[in-house]
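# Per-entry structural report
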Amino acid sequence: MTDLRLATISAAAISHNMQVLRALVAPAKVMAVVKANGYGHGAVESARAALAGGADWLGVADLTEAFALRDAGIDAPLLAWLHQPGAAFSEAIRKNIELGISSTAQLTEVASASGTANVHLKVDTGLHRNGAALGDWQQFFEEAVAHELAGRIQVRGIWSHLANAGTANDTKQIEHFSAAIALAESVGLRPEFHHLAASEGAIKYPHARFTLVRFGISTYGLTPANDVDAAALGLVPAMTLSAPVVSVKRAAAGEGVSYGFDFRCETDTNLALVPLGYGDGIPRQASNRGPVSINGVTGHIAGRVAMDQIVVNMGDTPVAVGDRAVVFGSSISSSDGAPTTVPSAEDWATAAGTINYEIVTRIGQRVVRRYEQ
Ligand SMILES: *Cc1c(COP(=O)(O)O)cnc(C)c1O
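Please read these numbers as outputs of a predicted model, since none were measured by experiment.

## Digging into the site of the ligand
Taken together, 13 residues surround the ligand, and among them Lys35, Tyr39, Ser199, Ile217 and Tyr357 come closest. The separation between an oxygen atom of the ligand and a polar side-chain atom of tyrosine 39 is 2.5 Å. Contacts to the ligand include isoleucine 217, whose backbone N or O atom sits 2.8 Å from an oxygen atom. Of all the cavities here, the one that holds the ligand is the largest pocket. By residue class, the composition of the shell around the ligand is 8 nonpolar, 3 polar and 2 charged.

## A word on the side chain of histidine 120
Its place among the elements puts histidine 120 in strand 6 (residues 117-122). Each residue touching histidine 120, except ones within four places of it in the same chain, is listed here: Trp57, Leu79, Glu98, Leu99, Gly100, Ile101, Arg156, Gly157, Trp159, Phe193 and His195.

## Observations concerning the packing of helix 6 (residues 104-111) against helix 7 (residues 137-149)
Their axes nearest at 10 Å, the elements helix 6 and helix 7 cross at an angle of 10°. Of the possible angle classes, the one that applies to helix 6 and helix 7 is roughly parallel. Side by side, helix 6 and helix 7 meet where Thr104, Leu107, Thr108 and Ala111 of the first sit next to Gln139, Phe140, Glu143, Ala144 and His147 of the second. Taken together, the residues of the contact of helix 6 with helix 7 break down into 4 nonpolar, 4 polar and 1 charged.

## Structural notes on the pairing of strand 9 (residues 212-215)
Successive residues of a regular strand alternate their side chains across the two faces of the sheet. Side chains of strand 9 alternate between two faces, with Leu212 and Arg214 and Val213 and Phe215 buried alike. The sheet contact formed by strand 2 (residues 29-33) and strand 9 spans 4 bridges and is parallel. Across the sheet, valine 30 pairs through a bridge with valine 213, a residue of strand 9.

## Brief notes about the pattern of salt bridges
Enumeration over the complete set of coordinates arrives at 12 salt bridges. Here glutamate 200 ties to lysine 204 by a salt bridge, and the two come within 2.6 Å at their closest N and O atoms. Within this pair, glutamate 200 and its partner lysine 204 are both found in helix 9 (residues 199-204), separated by 4 residues, close to a single helical turn. Look at glutamate 200 and you get buried, because its relative accessible area is 10%. Overall, lysine 204 belongs to the partly exposed group, its relative accessible area being 29%.

About the thresholds
- Residues numbered from 1 in each chain as written.
- Predicted model: local features only at pLDDT ≥ 70, side-chain atom pairs only at ≥ 80, totals over all residues.
- Heavy atoms only, no water.
- Near = heavy atom within 4 Å.
- Polar contact = N/O pair within 3.5 Å; in protein donor to acceptor, adjacent residues only side chain to side chain.
- 1 Å grid on protein atoms, 1.4 Å probe; cavity = no way out; pocket = protein on both sides within 12 Å on 5 of 7 lines; lining within 4 Å.
- Sits in = over half its atoms within 2 Å of the grid points.
- Nonpolar A, V, L, I, M, F, W, Y, C, P; charged D, E, K, R; others polar.
- Helix = DSSP H or I, 4+ residues; strand = E, 2+ residues; numbered from the N terminus.
- Contact = heavy atoms within 4.5 Å.
- Axes fitted to C-alpha atoms, helices over the stretch in contact; angles between N-to-C directions.
- Parallel < 35°, antiparallel > 145°, perpendicular 65-115°, else oblique.
- Buried < 20%, exposed > 50% of the residue type's maximum accessible area, 1.4 Å probe, protein only.
- Pairing = 2+ DSSP bridges.
- Salt bridge = Lys/Arg side-chain N within 4 Å of Asp/Glu carboxyl O.

Set out below in structure tokens:
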């Protein structure tokens, strides 16, 4: 039986991307970030594929995500960094999950959990999200030293996160981060891992790589920024989203399509019904714009995206029920073996006024993920 809604995910592409990224930043170690269900690609499968490609570390946002990886039998070094007061720190320590720690209050809580916590002290170098504020660094580090001497924690890393706000701002953050490392050393901390850069920073700035880099979006073969050419780096998009055409109609010029008749046919045209909608992560903002490839020809959504369905305007291209509609992905081989270019997650981001991260991460639960080697 063919799946109604299908995300084909190439584990081989994820492994390959990890190898490419590793080579790019060596001798720095690499962390594959598999939060938010592996950016929609499946956390466990993406983690396994990234480890096969040489990832040294895995990263997730929260402990629920971390426990899911451990429950699946993945025992690689693993960092989780977003915690509420009262989070399951003792369980995390027992499961050898390392903890990103962002404040002295959080440090105190982790130090009083059972077992010795492996922690990565996060400093805010300008992003103004998580991490100890500049004025708190000294106390944060001194308390960490005290907890370490008492055997309550082991400081394994110092880290921060870039705003990707242009070279001048990013450079300032890199300088602040270097200052944080120096301050930590001056109070007696000697962690093995210094990590600042995610995909964009690591690709753009060699001096932002320190001893570890956290690769999220690029692990999946997608570009972290419009001025980074992922394909030129050798990265391959891992996910292809597709569905079979379930209905085809010839509509006459002037007829309206989908709710509200936001679209009217300019000429007689072939309309293909594709069973993917905003319930599956197709952004409704891409109504009348989103590109879909059928039989090697790219048409665009006619009218509004519905919860379960979109209508694709295919002009005079012959389309039959059962033909495969590709929403985005890598180039695919058509029946004659020639590569066919299909829309990308970036094309959808443009159509919806968002970023490729959101396009892949929001692919919904109804979409079956099928993994290919
Ligand atoms: C999500 C995230 C990353 C990965 O970012 P990409 O831009 O996808 O590479 C790295 N570090 C932190 C703290 C994150 O939250």
